[in-house]
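Overview (structure and organization)
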Amino acid sequence: MKRNLLIITSLAALLLFLAVQIYMTVSIWKQNEEILMMRYKSLSREGLSLLMSMKKVNGFEKAMDVTDKFAGIVASEKLPLLKEAKDSATFRKQVLAQTYSIIEKNEALTAFLRTYFKKAGYDFDFNAEFFIGYFSLISYDGYLDVIKVAPPKIPGPMVLVNTFSEEHNNFVIEYSYLINLTHKNNMVFREAFLSFLLIAGSIMIVMAVFWITWRNLMEEKRLSGLKTDFINNMTHELKTPLSTITVAGRTLEKEQILNDPPKVLETAKLIGKQSVHLNQLINTILEVSLLERTEFELTRQPVCVDELTHQIASSFLTSCDGCAVIEEDYKTDGIKASLDILYYTTVINNLLTNAVKYCINDPVIKISTASEGGNIVVTVADNGIGMSREHLDHIFEKFYRVPHGNIHKTKGLGLGLYYVNRIIRAHGGDINVTSRTGKGTTFIIKIPL
Ligand code: ADP
């Protein structure tokens, strides 16, 4: 419960942190954008006043002269005819488009500002934009407004440099000159790079810390689940022989039993068998807990792998009253490997026990040996229930047991394969497993000779 609360709280904190960082990024971006636009506005106004103070012109003189000539021709030749005409809207559009193009072609302010920005050390890549708010042709019989619109609403990325109003012989005009920064986003990004870097860095650090904490929490949760399962399994495992011994003990106390020697013998055997089992269980737990604190101390000696493996398989069959069919195939040609006999026996016994334990048909186990590139390879394959892929990576972990649901109620502590893996590693080797659900499992052990 506490852990869930912690996860939810930290997740909420992380989301809040991300929201704050996003808000900050947007604010920094907007601020820098505004500063940039203001800088370019004042820079271009400075440029314009410089031009005017130097030459007493604003850069549009030629454009206005050409427009005046054009307006004169239009006013004298076409205007009187078109004044009442139905297609006057098209006519106005054409006149306006022509005027725009004349101004664009003939103005000198843009070139001047480019040089001015460059000299001042600023980015001089921009587009000039015009906006004609009022344009009226003057003919002999009065004015004809070609266009008359409200002052422009400057679009976000543009800087309004100035609005000019002029009256010439053949026309009256009011137009705005704007500049459009083509690399504005890049410029803003460059300006605010350090801030963005810090924000990105802090997001990455917080995410990494969160991820590590999250992973640790999940791992802790998994381990605590495994430990709970282990304690339950262990209690169950210990209780079963103990209760058998208790019942058997009580049986022996009964008088009629004492007069039946075969029954007494049978009960005593049962007590003995269960005591051995109990002892084995306790030993496994003790050995594994000892393993946590100390390293393996192997007593290695050269042994014939084929011979030893055969002996282990035979005594396994005897001890379990022929519980399985074991097919043996030894191919190391009597090769000797340096092994700890006792631990090697434990390994093979554990694998054989599992092969029988996790089998619902009649167990058929294939055990084989081979020598391969300086290793001995021992393979134990069964026809048991198998496992799905997701479990294969975990079965060598301490306490891990594959949940078999209701399919197969086997007992165990989840320590056998953990122990096997540790023993093989102590020998400098490794163990691999392949398995198919419902088909069987194969363990492959490799130990350097
Ligand atoms: P235990 O058998 O005590 O549960 P192990 O460490 O020996 O613990 O095995 C871990 C898990 O691996 C088992 O719970 C079982 O689900 C699975 N397993 C081991 N050997 C086999 C096998 N031969 N066939 C199918 N499943 C197996």
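It should be noted that the structure appears before, not after, this text.
We now turn to the structure provided with this report. All values reported here derive from a predicted model rather than from experimental measurement. (Residues numbered from 1 in each chain as written. Predicted model: local features only at pLDDT ≥ 70, side-chain atom pairs only at ≥ 80, totals over all residues. Heavy atoms only, no water.)

Here's the deal with the sheet that holds strand β9 (residues 375–381)
- Taken in spatial order, the five strands make up an open sheet running β6-β8-β9-β11-β10, and their pairing is mixed. Two strands close off the open sheet at either side, each with one partner strand: β6 (325–330) and β10 (430–436). If you compare each strand with its neighbour and ignore which way they point, the axes differ by 15° on average.
- Running over the sheet, helix α9 (residues 305–319) touches β6, β8 (364–372) and β9 and is turned about 175° from β6.
- Across the sheet, helix α12 (residues 416–426) is in contact with β10 and β11 (440–448); its angle to β10 comes to roughly 140°. (Pairing = 2+ DSSP bridges. Helix = DSSP H or I, 4+ residues; strand = E, 2+ residues; numbered from the N terminus. Axes fitted to C-alpha atoms, helices over the stretch in contact; angles between N-to-C directions. Contact = heavy atoms within 4.5 Å.)

A short note on the packing of helix α1 (residues 2–55) against helix α6 (residues 193–253)
- With their axes 11 Å apart at the nearest point, α1 and α6 run at an angle of 170° to one another. Viewed along their axes, α1 and α6 adopt a mutual orientation that is roughly antiparallel.
- Taken together, the residues of the contact of α1 with α6 sort by class into 18 nonpolar, six polar and three charged. (Parallel < 35°, antiparallel > 145°, perpendicular 65-115°, else oblique. Nonpolar A, V, L, I, M, F, W, Y, C, P; charged D, E, K, R; others polar.)

A short note on the site of the ligand
- Close to the ligand lie 19 residues; Asn354, Tyr358, Asp382, Arg401 and Leu417 are nearest.
- Val402 has a polar backbone atom sitting 3.4 Å from an oxygen atom of the ligand.
- Taking Leu413, its main chain carries an N or O atom lying 2.9 Å from an oxygen atom of the ligand.
- Judged by its atoms lying within 2 Å of the grid points, the ligand is housed in the largest pocket.
- Secondary structure elements with two or more residues in the shell around the ligand: α10 (341–357), α12 and β11.
- Among the residues forming the shell around the ligand, the class breakdown is nine nonpolar, seven polar and three charged. (Near = heavy atom within 4 Å. Polar contact = N/O pair within 3.5 Å; in protein donor to acceptor, adjacent residues only side chain to side chain. 1 Å grid on protein atoms, 1.4 Å probe; cavity = no way out; pocket = protein on both sides within 12 Å on 5 of 7 lines; lining within 4 Å. Sits in = over half its atoms within 2 Å of the grid points.)

Overview of the layout of surface pockets
- What the largest pocket holds in volume is close to 1,800 Å³.
- Lining the largest pocket are 49 residues; nearest its centre among them are His277, Gln280, Asn350, Thr353 and Lys357.
- Taken together, the elements giving at least two residues each to the lining of the largest pocket come down to α6, α8 (261–293), α9, α10, α12 and β11.
- The element contributing the most residues to the lining of the largest pocket is α10, with 10 residues. (Points joined across faces, edges and corners; volume = space filled by probe spheres on them.)

Some thoughts on the side chain of Glu166
- Inspection of the secondary structure puts Glu166 in strand β3 (residues 158–167).
- Of the side chains with opposite charge, Lys69 comes closest to the buried, unpaired Glu166, at an N-O distance of 14 Å.
- Polar contacts involving the side chain of Glu166 include one to the side chain of Tyr175, which spans 3.3 Å.
- Those residues within four positions of Glu166 in sequence are excluded, and the remaining contacts are Asn58, Met64, Phe171, Val172, Ile173 and Tyr175. (Buried < 20%, exposed > 50% of the residue type's maximum accessible area, 1.4 Å probe, protein only. Lys, Arg positive; Asp, Glu negative; His and termini not counted. Salt bridge = Lys/Arg side-chain N within 4 Å of Asp/Glu carboxyl O.)

Focus on the packing of aromatic side chains
- Throughout the structure, instances matching the rule amount to 17 aromatic pairs.
- One aromatic cluster is present, formed by Phe60, Phe130, Phe164, Tyr175 and Tyr177 through successive ring pairs.
- Directly above the ring of Phe126 sits Arg114, whose terminal nitrogen or CZ lies 4.7 Å from the centroid. (Phe/Tyr/Trp six-rings, centres within 6.5 Å; stacked < 30°, edge-to-face > 60°. Lys NZ or Arg CZ within 6 Å of the ring centre and 35° of its normal.)

Digging into the state of the cysteines
- According to the stated counting rule, one finds one disulfide in the structure shown.
- Just so you know, Cys359 is unpaired, no disulfide at all, and the nearest cysteine sulfur is the one on Cys323, 10 Å from it.
- Judged by its relative accessible area of 8%, Cys359 falls in the buried class. (Disulfide = S-S within 2.5 Å.)

Observations regarding α10
- With 17 residues, α10 ought to run about 24 Å at 1.5 Å a step, and its terminal C-alpha atoms sit 24 Å apart, in line with that.
- Looking only at α10, the buried set comprises Tyr344, Val347, Ile348, Leu351, Leu352, Asn354 and Ala355. Down the axis of α10, the buried set is contained in an arc of 160°. They therefore lie on one face.
- Taking the backbone nitrogen of Leu342 as reference, a side-chain oxygen 3.1 Å away marks Asp340 as the first, capping residue of α10. (Expected span 1.5 Å × (residues − 1). Arc of directions from axis to C-beta.)

Some details on the side chain of Ser44
- If you trace the backbone, Ser44 turns up in helix α1.
- The class for Ser44 is buried, based on a relative accessible area of 0%.
- At a separation of 3.1 Å, a polar atom in the side chain of Ser44 contacts the main-chain carbonyl oxygen of Lys41.
- Leaving out residues up to four positions away in the same chain, Ser44 has contacts with Leu113, Phe117, Val159, Val161 and Ile179.

Concerning the environment of Met37
- Along the chain, the position of Met37 falls in helix α1.
- Judged by its relative accessible area of 13%, Met37 falls in the buried class.
- Distance in space between the C-alpha atoms of Met37 and Leu181 is 8.8 Å, their sequence separation being 144 residues.

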